[in-house]
Amino acid sequence: MRKLTGQVIDDVQNFVERIRGFWVREEVPRWMGFCLLALFAISLALTAWTALLQANKESSRQLARVQYRALECMGGRLGSLAEADISEQGSAIRDISSHLGCSELRVIDGQRKVVVSARPEEVGTTRPTDPNFAGQASEWMEVVPLGLDAEGRSRSLFRFPISVRGQTAIHFVEGVLTSSPEGSLWTNQTATMWVMAGAIAVFLGLYRLMRKHYRGMACIADHLEAKSDALSEQIESLRVADSLGALAQTWNTLIDLVVELQDKTQRSTASAELKEALQRSSGGELAEVLNALPDALIHVTDGSVLRYFNSKAVHLLGWNRPKDEDSTRVSLDDIEAGRLGRKFVDAIRELQGPDGSFRSAVKNVEDEEHGSTYRLRVLSVRRGRADECLVVMTDISQQVRADRSREEFVSQVTHELRTPLTNIRAYAETLSSGMFDDPKVVTDCYNVITKETRRLSRLIEDILSISQIEAGSMQLLEDVVDVRALVSEAVRDVRGLADEKKIDLQMDLSAKLGTTQGDRDKLAVVLNNLLGNALKYTPSGGSVHLGCKMSETEMLITVKDTGLGISAEDQTRIFEKFQRADDPDVQLETGTGIGLTTAREIARRHGGDIEVMSEKGQGATFVMRMPVKNAAPAVVLHG
Amino acid sequence: MAKILIAEDDAHMLRILSMWLARNGHEVLETRDGQAAQDVLSKVDVDLIVSDVNMPRMSGIELVQWLRSKKSKTLPVIMLSSRCDQDAIAGQIRGCNVNLHPKPFSPSRLMVEVEQLLSVDVPA
């Protein structure tokens, strides 16, 4: 999988680089074009502006030249006249002034007295010397620019000398010339602004066109930028809206191609990995691991194809696994060999819908032939693949047997508890009824109640002991146990039962019996259980023999009967919890299956053990060996 | 006076039932298992049976099934059981017309029931 991811990332990165290169190549002309266009538009506007200004200036200059020439002609003409004649030229001066655009025009004599003027009121007045002409008068025309007037026209102050006939003093023609024709410059500026506005509009239009053209690519670029980190997994997210234009559609087609390529790559890699895994499973490490499982595993795909099965599954389903690679194509329906195999397949099919999909469920399958129970679990393997499942088959026979034994135990314990309880109640009511006043009957009632109470008590002790054994919390007391008293008391407790069943109960105690350290009550339970079993499973007329020997280090108690006997198979079984001999004759007797378990556990906790020697139908001998601890000197009985 | 058969493997229970029934003036036939009871029933006609369920050789259930199929469909039977699966027993003896009682039980109440069953005149 890691290899697959790396390959996909490499492919996508290459693709991104290609896209980036394409983008960069497109970016240059885009921005260069934009800049050039902008420069062109600006330079065009500037050129137009400059040209207009120059044209305007030239035109003004030409006009001024013509005006000044006209003024000079007028001066020459006036010079040919006598002063008296000049003063009569007022109307002519006004005409000239009006035609040449002079706001002022006058002729003054040497004393700066106005001889003639465009303004009649000035004639005869004396003009002060204009500060602009403060210096020595030139023999040429002097022009002093006065700047623009309120209407934006260029104004110039001019003065030139003329020689008037009959006068020695120099006369001057003075005036103010408005050089530019009215409104010309303003008209040029407006035109320039229109040109510039046009240039900007053209630029904006071109920009919009370009932007529209490149918007798809810009969108792609944004996506690439934002998603480049997770590109391998989110290639789909790079799609842009088809409505963005032809380029965006082309891009989306490219994405489709990449996705398809990616899928093919994944399938190819996954297929290779699966093949590798299968090869491993047919003889590699994984197979060894899975074959070591106690459970049977089957991997089912496509509703019925057995993709994998471990050796336990082969053993359980009972068909021979083919050696060649095609073994992975075995179908569920191919399992016909074993009856049990067919059962498993039927159970799996029951958990399968009509469309071949599996549902996760648990089902028990019974193997009547071998008395086994299997728990079949169907588990989903991958999300979205309902036609694929993992079937796990676990042998739960032991658990089922344990559950059954426990149920039987509860049932038996209930029965065992109720029996003495029933007797106690019945005999107690007999006493309290007052209907039976025979002293012997009354005594018998008391005896039965006492005996059944002890029986009940021992039973409860047994149940407690087995609970403690199960919980691992059994505690032993450190009593000093008089072995002779212990054994004698145990025999006395069961004497009544032996007499009832007409069984010969004998006791053979060694002369040397001392004391040992141990839990007196629990050891009494051991003896009672051994004797109780011997009497229970020995028919009337039989015999039960109890022997007890004791050395300085070991105590040996033997309980021998002439009863049903125990088969070799049952000899280990009878010591297991809740288990009884698998013998119909034994089953006839009630029992909980805890007596011998408790007895052996108590013996073992005292450092000893209990063994059984028996043959079916030949009676049984139970031997309890126990080390003697802190023994007091043996009491030797004489006689 | 009626003739009553007791089938009970526990000696103390057998004895106390016997005592109470005898005290009520009935003749009591004691058996220790279903097989022995069947043998007695084959030879002797009785008026009522008091039986345990769990017994060696033949259980009370088998005894009553045999009785109903082979011997009598009306003979009153009282069955006493110390097993915890009373429902299962009831299912096994359904249709056998048996009065089933769990142990422990009250002997005096049992006697009342015995008298009631004996007082009903049933055709043989």
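Keep in mind that what you see is a predicted model, and the values were worked out from it rather than measured. (Residues numbered from 1 in each chain as written. Chains lettered and ligands numbered in written order. Predicted model: local features only at pLDDT ≥ 70, side-chain atom pairs only at ≥ 80, totals over all residues.)

1. Here we look at the overall build of chain B
Counting its secondary structure elements, chain B contains five helices and five strands. Ordered by position from the N terminus, the helices and strands of chain B form the series β-α-β-α-β-α-β-α-β-α. Relative to its full complement of 124 residues, chain B shows a buried share of 41%. Here the contacts in chain B between residues at least 6 apart in sequence split such that 60% fall between residues at least 24 apart. (Helix = DSSP H or I, 4+ residues; strand = E, 2+ residues; numbered from the N terminus. Buried ≥ 20, exposed ≤ 12 C-beta atoms within 10 Å, placed from the backbone. Contact = placed C-beta atoms within 7 Å.)

2. Re the sheet that holds strand S1 (residues 102–108) of chain A
Residue and element names in this part refer to chain A. Pairing within the open sheet is antiparallel, and its five strands lie in the order S2-S1-S5-S4-S3. The open sheet has two edge strands with one neighbour each: strand S2 (114–117) and strand S3 (142–148). In this sheet, neighbouring strand axes are inclined to one another by 15° on average, regardless of whether the strands run parallel or antiparallel. Taken together, the eight bridges between strand S4 (residues 154–162) and strand S5 (residues 171–178) define a ladder with antiparallel strand orientation. Bridge pairing in S5 places leucine 157 opposite valine 176. The strands touched by helix H3 (residues 90–100) within the sheet are S1, S2 and S5, with S1 carrying the most contacts at an inclination of about 145°. (Pairing = 2+ DSSP bridges. Axes fitted to C-alpha atoms, helices over the stretch in contact; angles between N-to-C directions.)

3. Here we look at the sheet that holds strand S19 (residues 620–627) of chain A
Residues and elements named next belong to chain A. Reading across from one edge, S13-S16-S17-S19-S18 is the order of the five strands in this open sheet, with mixed pairing throughout. At either end of the open sheet lies a strand with only one pairing partner, and these are strand S13 (504–509) and strand S18 (609–614). Ignoring which end each strand starts from, the neighbouring axes of this sheet average 15° apart. Examined bridge by bridge, S13 and strand S16 (residues 543–550) share six bridges and lie parallel to one another. The residue bridging leucine 505 from the neighbouring strand is valine 544, located in S16. In this fold helix H12 (residues 520–536) packs onto S16, strand S17 (554–561) and S19, with an angle of close to 20° to the strand it touches most, S17.

4. Description of the interface of chain B and chain A
Contacts between chain B and chain A engage 20 residues on the former and 22 residues on the latter. When contributions to the side of chain B that touches chain A are tallied by element, the ones reaching two or more residues are helix H1 (11–23) and helix H5 (107–119) of chain B. For the side of chain B that touches chain A, the leading source of residues is H1 of chain B, giving six residues. In the side of chain B that touches chain A, the residues fall into nine nonpolar, five polar and six charged. (Nonpolar A, V, L, I, M, F, W, Y, C, P; charged D, E, K, R; others polar.)

5. Regarding the environment of aspartate 242 of chain A
Residues and elements named next belong to chain A. Position of aspartate 242 among the secondary structure elements: in the loop between helix H4 (184–227) and helix H5 (246–283). Taking the C-beta count within 10 Å as the criterion, aspartate 242 has 13 such neighbours and is therefore assigned partly exposed. As for aspartate 242 and asparagine 252, which are separated by ten residues in sequence, their C-alpha atoms are 7.5 Å apart. Residue contacts for aspartate 242: discarding those within four places in its chain leaves Ala248, Gln249 and Asn252.

6. A few points about the pairing of strand S9 (residues 361–367) of chain A
Side-chain positions along a regular strand alternate between the two faces of the sheet. Residue and element names in this part refer to chain A. Both S9 and strand S10 (residues 372–380) contribute to a ladder of seven bridges, which runs antiparallel. The partner of glutamate 366 across the bridge, within S10, is threonine 373. Counting the residues between successive antiparallel strands, the hairpin from S9 to S10 contains four residues, one of them, glycine 371, with a positive phi of roughly 65°.

7. Re the confidence of the model for chain B
Atomic detail in the predicted coordinates should be set aside for any region of low pLDDT. Residues and elements named next belong to chain B. Averaged over all residues, the pLDDT of chain B is 88; the fraction at 70 or higher stands at 97%. No element of chain B has a lower mean pLDDT than helix H4 (residues 86–92), at 83, and none a higher one than strand S1 (residues 3–7), at 94. This complex was scored by the predictor with a pTM of 0.49 and an ipTM of 0.92. (pLDDT = per-residue confidence, 0-100.)

8. A few points about the nonpolar core
Core analysis: the biggest nonpolar cluster contains 42 residues, and Val487, Val526, Leu527, Leu531 and Val544 of chain A have the highest contact counts within it. Of all the secondary-structure elements, those providing two or more residues to this core are helix H11 (483–500), H12, S16, S17, helix H15 (595–605) and S19 of chain A. Looking at this core element by element, the count peaks at nine residues for H12 of chain A. Beyond its immediate stretch of four places on either side in the chain, valine 526 of chain A contacts Ala599, Ile602, Ala603 and Met624 of chain A. Ranked by size, the runner-up nonpolar core spans 38 residues in total, among them Ile424 and Val448 of chain A together with Ile49 and Leu63 of chain B. (Core = buried A, V, L, I, M, F, W, Y, C linked by C-beta atoms within 7 Å.)

9. Digging into helix H3 (residues 60–71) of chain B
All names here are of chain B. Along H3, the residues that are buried comprise Gly60, Ile61, Leu63, Val64 and Leu67. Taken around the axis of H3, the buried residues stretch over an arc of 165°, which confines them to a single face. Residues of H3 that are exposed and angled more than 90 degrees away from the buried face: Ser69 and Lys70. Looking at the packing, one finds that the buried side of H3 touches S1, helix H2 (34–43), strand S3 (48–52), strand S4 (77–81), H4 and strand S5 (98–102). (Arc of directions from axis to C-beta.)

10. Concerning the pairing of S19 of chain A
Residues and elements named next belong to chain A. Of the two faces of S19, the one lined by Ala620, Phe622, Met624 and Met626 is fully buried and the one lined by Thr621, Val623, Arg625 and Pro627 carries no buried residue. In the sheet, S17 pairs with S19 via seven bridges, with the strands oriented antiparallel. The partner of isoleucine 557 across the bridge, within S19, is methionine 624. In this structure, S18 lies alongside S19, joined through six bridges in antiparallel fashion. Counted as the bridge partner of glutamate 611 is valine 623 from S19.

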